[in-house]
Amino acid sequence: MISAASLRDLALFASFSDDDLAEIGEKAADLRVLAGDYLTQEGEEAYFYVVLSGLMHVTKRVGTGEVLLGTRERGGFFGETPVLLGADTFANALAVEDCRVMRLDPFDLQGLTVQNKAFRELILGAMMARIDEIGQRATEHKAEAVAVIGHRWDRATREARTLLARNRVRHEYLIVEDPRVAQRFPTIAEHGDRYPLVRLVDLSVLVQPTTRELAIAVGLQIEPATDCYDVIVIGGGPAGLASAVYGASEGLSTLLIERESPGGQASTSSRIENYLGFPTGLSGDDLATRALEQAKRLGAEVLVTRFVCGIDPVAKTVELDGGQRLQARTLVLATGVAWRSLAIPDIERFAGIGVYYGAARSEARSTLGKDVYLIGGGNSAGQAAMFFANYARSVTILIRGASLVHSMSDYLIRQIATKTNITVRPGCEVSGVHGALHLEAIDVVDRATDTTSRHESDALFVFIGADAETGWLPPAIVRDERGYVLTGPNLPHWTLERDPFLLETSVPGVFAVGDVRHASVKRVASAVGEGSMAIAFAHQFLAGERP
């Protein structure tokens, strides 16, 4: 317990009586933090902290690293800014030495600012100084952001932007046709018409880099640290990220392999309104960002731009592209599903340059003031429509059915009804796409009137379902007729004396989670649950292996 005597010599509490200090000590948590451990990290719930002994560094993530905002020794405090603003923590606190720290809940801090004028003035003064400091740091590091320069409709430029955005690399996107680009980058003409150009934080320039070259350049991990792991997770969607978080947190050496960027299909969801614990909702990108940071902080390795070519079910080895083989004591298949494409002539010519599967937040800028069309009547389409309605001039949802009632959650239907620039057109589908260098128009068939009309649009978002892509798996891992992996009680045969674990495939020690699993519930929350359950089963499997 924190005594009044331990607070008496701190300038922060100089205006309080001994009785007041005793009351503060009774309310506070007395925390001990070992050197090298984080007391708090960005995105966590905010509290007010006072250092009683030791040394802490307050840092903030910038790009793939952290910058030092300041140090806190005995008497130093932090956390008042997010608490008083009602926000999550937006800085990290790392113990450089073993520390003793006092923590006050937001309610108690607010009570003290009301109770004591001198304390209030000190806290508010510190808060304003912190805001100025963060603003100054942001200005100082603005030039250190990665810059992607390219044509608006260049597919490679979009792939570079997507890689950086989904791996949380701070960057700016510049359209080469903008005359201000030549002013900022006077040497741009030296590279001819080869785009994208990527200017790195050290001011070097990559010309038409592959996604893997770009990943290496910005410091993303593409090589495993070793060749043997307790758990190898294949796929970086919510289910895979949950497995990585729980595997690493429970002391298992854990590797996650993602062929594109962590987040999976969920990261293309502009808003998830019904995820437990987020009453105002969160985007798929936000969820993936939090999970990725959590997995890495706990010690999981995350490989990006790598894909698995095959699995040896007997030896439990995984072959990466390039022929590299890794040994796994257990495997978690979390490869999810791939968006189903439209069966329309020429449509794949516009993929990524007008036709998009899913709807990431990064596409908002491209819809500003435009007429946007969405195909699909599920929740993903509804969430995207609500999001793009804040940017686009109009959003039209095309559905083949008579209404949204049987395919979309009621809360989304009610929200859509409040948006004057969203139109739902039942009994309609796209029959044709047109354009030269990019999508310029679509043909819409109205089945009720049996008429076809053409509409100008350079943005068509498709949400017509998804399929499992599991043809690369060995025959020993049994799947249903649609390619979804069978697990637990759904297995047609089983070779061991014990029953299979609920998420275990036909190969003992290999588990399937999330959308790739037969009969799974296609919800983010259930995918996260399955990802965590798989690690519990992996523990039981590994315990059974021990002599």
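Scroll up to find the structure.
Keep in mind it's a predicted model, so treat the numbers as computed, not measured.

Enquirer: Which parts of the structure should I look at to understand the pattern of salt bridges?
Expert: Oppositely charged side chains can pair when the atoms bearing their charge come close. Under the criterion given, the structure shown has 28 salt bridges. A salt bridge links Asp346 to Arg349; the shortest N-O distance between them is 3.0 Å. The closest approach of N and O atoms between Arg454 and Asp443, which form a salt bridge, is 2.8 Å. Here Arg454, found in strand S26 (residues 451-456), pairs with Asp443, found in strand S25 (residues 441-446); they are 11 residues apart in sequence, far enough to count as distant. Among the residues examined, Arg454 registers a relative accessible area of 55% and is labelled exposed. Residue class for Asp443 comes out buried when judged on its relative accessible area of 11%. Overlapping salt bridges bring together Arg212, Glu223, Arg306 and Asp321 as one network.

Enquirer: Just to check I follow, could you spell out the sheet that holds S26 for this structure?
Expert: The pairing of strands in a sheet happens through backbone hydrogen bonds and is either parallel or antiparallel. The strand order S24-S25-S26 describes an open sheet built from 3 strands, whose pairing is antiparallel. Two strands close off the open sheet at either side, each with one partner strand: strand S24 (428-434) and S26. Ignoring which end each strand starts from, the neighbouring axes of this sheet average 25° apart. Direction of pairing for S25 relative to S26: antiparallel, over a ladder of 6 bridges.

Enquirer: Mind showing me how you'd approach a negative patch on the surface here?
Expert: Judged by side-chain charge, Asp37, Glu73, Glu97 and Asp98 come together as a negatively charged surface patch. Note on placement: Glu97 falls in the loop between strand S7 (92-95) and strand S8 (99-104). What makes Glu97 partly exposed here is its relative accessible area of 42%.

Enquirer: Is there a simple way to think about the nonpolar core in this case?
Expert: Taken as a class, soluble globular proteins show a tendency for nonpolar side chains to be buried jointly. Among the nonpolar cores identified, the biggest contains 41 residues, and Leu164, Leu214, Val218, Phe511 and Val513 are the most heavily contacted of them. Every element with two or more residues in this core is listed here: strand S9 (146-150), helix H6 (155-166), helix H8 (211-217), strand S13 (228-234), helix H9 (238-249), helix H10 (284-297), strand S15 (301-304) and helix H13 (524-545). Looking at this core, the element that brings in the most residues is H13, giving 7 residues. Beyond its immediate stretch of four places on either side in the chain, Leu164 contacts Val146, Val148, Val169, His171, Leu214 and Val218.

Enquirer: Got a minute to help me understand the environment of Gly281 in this structure?
Expert: Tracing the backbone through its elements, the reader meets Gly281 in the loop between strand S14 (254-258) and H10. Distance from Gly281 to Arg271, taken between C-alpha atoms, is 6.5 Å for residues 10 residues apart in sequence. Other than its neighbours up to four places away in sequence, Gly281 contacts Arg271, Ile272 and Glu273.

Enquirer: Would you take a moment to explain the sheet that holds strand S12 (residues 205-207) for this structure?
Expert: Read from one edge of the open sheet, 4 strands run S10-S9-S11-S12, paired in mixed fashion. Each having just a single partner strand, strand S10 (171-175) and S12 make up the two edges of the open sheet. Put simply, the sheet's adjacent strands are angled 20° from each other on average, direction ignored. Inspection of the sheet shows strand S11 (residues 197-199) paired to S12 by 3 bridges, in the antiparallel sense. Bridging from a neighbouring strand, Val198 pairs with Leu206 of S12.

Cut-offs and rules
- Residues numbered from 1 in each chain as written.
- Predicted model: local features only at pLDDT ≥ 70, side-chain atom pairs only at ≥ 80, totals over all residues.
- Heavy atoms only, no water.
- Salt bridge = Lys/Arg side-chain N within 4 Å of Asp/Glu carboxyl O.
- Helix = DSSP H or I, 4+ residues; strand = E, 2+ residues; numbered from the N terminus.
- Buried < 20%, exposed > 50% of the residue type's maximum accessible area, 1.4 Å probe, protein only.
- Pairing = 2+ DSSP bridges.
- Axes fitted to C-alpha atoms, helices over the stretch in contact; angles between N-to-C directions.
- Patch = residues over 30% accessible without salt bridge, like charges linked within 9 Å, V, L, I, M, F, W, Y side chains within 5 Å.
- Areas by Shrake-Rupley, 256 points an atom, 1.4 Å probe, with all protein chains shown as cover.
- Lys, Arg positive; Asp, Glu negative; His and termini not counted.
- Charge placed at Lys NZ, Arg CZ, Asp CG, Glu CD.
- Core = buried A, V, L, I, M, F, W, Y, C linked by side-chain atoms within 4.5 Å.
- Contact = heavy atoms within 4.5 Å.

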